[in-house]
Amino acid sequence: MLDKLLVSDILYAATSTGAEFAEVFVENNKKNSLGLINGKLERALSGIDFGIGIRIINKDRMVYVYTNKKDRESLINLAKNGATAIKGNSKQKQIVFNDLDYRKINNNNIEIYPSSIYSNKIVEIMKEGSNTAFNYNPLITQTSIGYMDSIQNVLIANTENLFVTDERTRCRLSVNAVASNENEKQTGYFGPGAMKGIEFLDTINIKNIATEAAHSAVTMLNAKDCPSGKMPVIMDNGFGGVIFHEACGHGLEAAAIAKKASVFTDKIGEKIASDKVTAIDDGTISNSWGSINVDDEGIPAQKNILIENGVLKNYMVDRFNGNKIGMKPTGSSRRESYKFIPVSRMTNTYIASGTDKKEDIISNTEYGLYAKYMGGGSVNTASGEFNFAVNEAYIIRNGKICEPVRSATLIGKGNEVLKNIDMVSDNLELAEGMCGASSGSIPVCVGQPMLRVQNITVGGKN
């Protein structure tokens, strides 16, 4: 991508005004996407995103510059211009790189690399999904099927002699089904993905995914409005983990901790959750959508135990914010592309399996809400307050799942919810999504087993 001599000279120029640290990030990202609406191909795009970012750090000051140009003169001038904003006392030094290649370090093996020659096969799979959703019920009036793949090659080098190359290949397919009647519309959505090549398509059943999306849309179209009030809430496995991700996970990132903009600031070693709760961020899960081989600062992915049996054990830490709070990086620094500064972000974040059984959680709940599929929401990281929609929900009566209800929302504080979890099942499952924050939109997994929050505010209609 760039030869070592040029990279070394860029770093030398970046530290010309005395900065303590400099880093070069080079990205070449090949992307493809397809989109079908009602079974007809509406979008077929491909392209390459290439660029180079240079980060310069001195104590608590940081400068970041980037460009699409790759000629020597442009890059050296860019590094020198960035350096003018930093004044330090460190001496320039020539760099002897430790050449590392972290590809496949976590067994993220790719069998079939994405290529245009597979487009016809992919379109046929997408059409099958559209047809399946339409055939589920006459109330399905629209389908939208999306596919994307990317091969991102990166080079990361810094003034601490690091020189890392990495390759990240991902594929994802999404199904959106819309059910309509004379008065309104409801949607159902599923979007599985993996750190895999085209072989990913052999691991999913498009008919099952499309049927589940259609079922969710039709069920909610015919549902009554959800009652409101405080009650026990059972959150199903998989995407139910989005609440922990948003309401708690972001508050455990060093970017928030360093600003003291988190309810979890200075709480390592303290009891912050129920004994039932162990929470983990693990970037090493083979071929998982949110996995990485190496983070965007060149540090290998790690399995970070954040909460263990209710006790806060660790944060997710990047270099810059780690320096501020006196903690070492945890392989958690991520960014969407070379256009963004890397910061601490999640990978595959989940609440670990417990010992309770799914059937017991339901049967031991006299009255409450069963949140089968969670939707989006809003979170205040500083206070932990959140408001989340439930895409598919049911009332529980006398230990049984009963009628579906719609317009349900969950309202509360992440730190309080953690303490109110009183049952955790053994059926852990991960679900794929995209997380947007200060360093852009990145692939992540959320997850949990089925669990029960013994008391939480449910918003709905009385």
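Our subject is the structure listed above.
Note that the structure is a prediction, hence the values are computed from the model and not measured.

Participant: Lay out the overall build of the chain with the relevant residues and their values.
Facilitator: Counting secondary structure elements, the chain contains nine helices and 24 strands. The C-alpha radius of gyration computed for the chain amounts to 24 Å, which stays within 12% of the reference 23 Å derived for 462 residues, consistent with globular compactness. C-alpha extents for the chain along the principal axes are approximately 70 × 55 × 35 Å. By residue count, 55% of the 462 residues in the chain fall in the buried class. When contacts within the chain are restricted to residue pairs at least 6 apart in sequence, long-range pairs at least 24 apart make up 75% of them. Per element, the accessible surface of the chain, about 19300 Å² overall, is 46% carbon and sulfur. Considering the chain, the positive charge centre built from 51 side chains and the negative charge centre built from 51 side chains are found 4 Å apart.

Participant: Tell me what's going on with the side chain of Glu 27, and back it up with residues and numbers.
Facilitator: Locating Glu 27 in the fold gives a position in strand S1 (residues 21-37). With no salt bridge to any partner, buried Glu 27 finds its closest opposite charge in Lys 31, at an N-O distance of 6.0 Å. The residues touching Glu 27, leaving out its near neighbours within four places in the chain, are Met 1, Asp 49, Phe 50, Gly 51, Gln 152, Asn 153, Val 154, Glu 336, Ser 337 and Tyr 338.

Participant: Give me the lowdown on the pattern of salt bridges, citing residues and values where you can.
Facilitator: Tallied over the entire structure, the rule returns 21 salt bridges. As a salt-bridge pair, Arg 335 and Glu 23 come within 3.5 Å of each other at their nearest N and O atoms. Placement of Arg 335 in the loop between strand S14 (333-334) and strand S15 (343-344) and of Glu 23 in strand S1 is noted, with a sequence separation of 312 residues between them. Using a relative accessible area of 4% as the deciding quantity, one classes Arg 335 as buried. When its relative accessible area of 1% is taken as the criterion, Glu 23 is described as buried. Each of Glu 23, Arg 55, Glu 297 and Arg 335 takes part in salt bridges that share partners, so that together they form one network.

Participant: How would you explain helix H5 (residues 242-249) if you had to name every residue and give the values?
Facilitator: With seven of eight residues buried, H5 lies mostly within the body of the structure. Of all the positions in H5, only Val 242, Ile 243, Phe 244, His 245, Ala 247, Cys 248 and Gly 249 are classed as buried.

Participant: Explain the packing of aromatic side chains to me, and be specific about the residues and the numbers.
Facilitator: Evaluated as defined, the whole model comprises six aromatic pairs. Judged by centre distance (4.9 Å) and plane angle (85°), the rings of Phe 190 and Tyr 373 are edge-to-face. Residue Phe 190 is located in strand S7 (residues 185-190), and its partner Tyr 373 is located in strand S17 (residues 367-379); the two are separated by 183 residues in the primary sequence. Aromatic ring contacts, followed pair by pair, group Tyr 64, Tyr 66 and Tyr 338 into a single cluster. Seen from the ring of Phe 50, Lys 70 lies directly overhead, with NZ or CZ sitting 5.5 Å from the centre. Above the face of the Phe 25 ring, Arg 335 is positioned so that its terminal group lies 3.7 Å from the ring centre.

Participant: Give a detailed account of the packing of helix H1 (residues 4-14) against helix H2 (residues 72-83), specifying residues and quantitative values.
Facilitator: Running from N to C, H1 and H2 cross one another at 25°; their axes reach a closest spacing of 7 Å. One element, H1, and the other, H2, form an angle in the roughly parallel class. Viewed along their axes, H1 and H2 form a crossing whose handedness is right-handed. Contacts between H1 and H2 pair Leu 6, Asp 9, Ile 10, Ala 13 and Ala 14 from the former with Arg 72, Leu 75, Ile 76, Ala 79, Lys 80 and Ala 83 from the latter.

Participant: Before we move on, can you summarise the nonpolar core with the specific residues and values?
Facilitator: Taken as a class, soluble globular proteins show a tendency for nonpolar side chains to be buried jointly. With 47 residues, the main nonpolar core has Val 233, Ile 307, Leu 369, Leu 410 and Leu 418 as its most contacted residues. Leaving out residues up to four positions away in the same chain, Leu 410 has contacts with Val 233, Met 235, Ile 243, Leu 369, Met 374, Phe 386, Asn 387, Phe 388, Val 390, Ile 456, Thr 457 and Val 458. Grouped together as the second largest cluster of nonpolar side chains are 29 residues, Leu 36, Met 126, Tyr 147 and Leu 221 included.

Participant: I'd like a description of unusual backbone geometry, backed by residues and values.
Facilitator: With phi around 55°, Lys 260 is a residue other than glycine that occupies positive phi space. The residue Lys 260 is located in the loop between helix H6 (254-258) and strand S11 (279-282) in this model. By relative accessible area, Lys 260 is classed as exposed at 59%. Its identity is not glycine, yet Asn 398 carries a phi of approximately 50°, on the positive side. Mapped onto the elements, Asn 398 comes out in the loop between strand S18 (385-397) and strand S19 (400-406).

Participant: Hey, could you go over the environment of His 250 for me, with residue numbers and the actual values?
Facilitator: Relative to the assigned elements, His 250 resides in the loop between H5 and H6. Taking C-alpha positions, His 250 is 30 Å from Ile 395, a pair spaced 145 residues apart along the chain. Setting aside anything within four residues of it in sequence, one finds His 250 in contact with His 245, Ala 256, Met 346, Thr 381 and Cys 435.

Participant: Run through the sheet that holds strand S12 (residues 303-308), naming residues and quoting values.
Facilitator: Pairing is mixed in the open sheet, where six strands are placed in the order S13-S12-S11-S16-S23-S22. Looking at strand neighbours, the two that pair on one side only are strand S13 (311-312) and strand S22 (429-437), the edges of this open sheet. Inspection of the sheet shows S12 paired to S13 by two bridges, in the antiparallel sense. Bridged to Glu 308 within S13 is Val 311.

Participant: Give a description of the side chain of Ser 262 that names residues and reports values.
Facilitator: Topologically, Ser 262 is positioned in the loop between H6 and S11. One polar contact links the side chain of Ser 262 to the main-chain carbonyl oxygen of Gly 251, over a distance of 2.6 Å. For Ser 262, the contacting residues outside a window of four places in its chain are Gly 251, Ala 256, Ile 257, Thr 381 and Ala 382.

Participant: So what's going on with the environment of Pro 232? Which residues, and what values?
Facilitator: Residue position: Pro 232 is located in strand S10 (residues 229-235). According to the relative accessible area criterion, Pro 232 is partly exposed, its value standing at 22%. Leave out the neighbours within four places in its chain, and Pro 232 touches Thr 365, Tyr 367, Gly 368, Leu 369, Arg 452, Val 453, Gln 454 and Asn 455.

Cut-off values and rules
- Residues numbered from 1 in each chain as written.
- Predicted model: local features only at pLDDT ≥ 70, side-chain atom pairs only at ≥ 80, totals over all residues.
- Heavy atoms only, no water.
- Helix = DSSP H or I, 4+ residues; strand = E, 2+ residues; numbered from the N terminus.
- Rg over C-alpha atoms; globule rule 2.2 N^0.38 Å.
- Buried < 20%, exposed > 50% of the residue type's maximum accessible area, 1.4 Å probe, protein only.
- Contact = heavy atoms within 4.5 Å.
- Areas by Shrake-Rupley, 256 points an atom, 1.4 Å probe, with all protein chains shown as cover.
- Lys, Arg positive; Asp, Glu negative; His and termini not counted.
- Charge placed at Lys NZ, Arg CZ, Asp CG, Glu CD.
- Salt bridge = Lys/Arg side-chain N within 4 Å of Asp/Glu carboxyl O.
- Phe/Tyr/Trp six-rings, centres within 6.5 Å; stacked < 30°, edge-to-face > 60°.
- Lys NZ or Arg CZ within 6 Å of the ring centre and 35° of its normal.
- Axes fitted to C-alpha atoms, helices over the stretch in contact; angles between N-to-C directions.
- Parallel < 35°, antiparallel > 145°, perpendicular 65-115°, else oblique.
- Left-handed = near helix turned anticlockwise from the far one by under 90°.
- Core = buried A, V, L, I, M, F, W, Y, C linked by side-chain atoms within 4.5 Å.
- Pairing = 2+ DSSP bridges.
- Polar contact = N/O pair within 3.5 Å; in protein donor to acceptor, adjacent residues only side chain to side chain.

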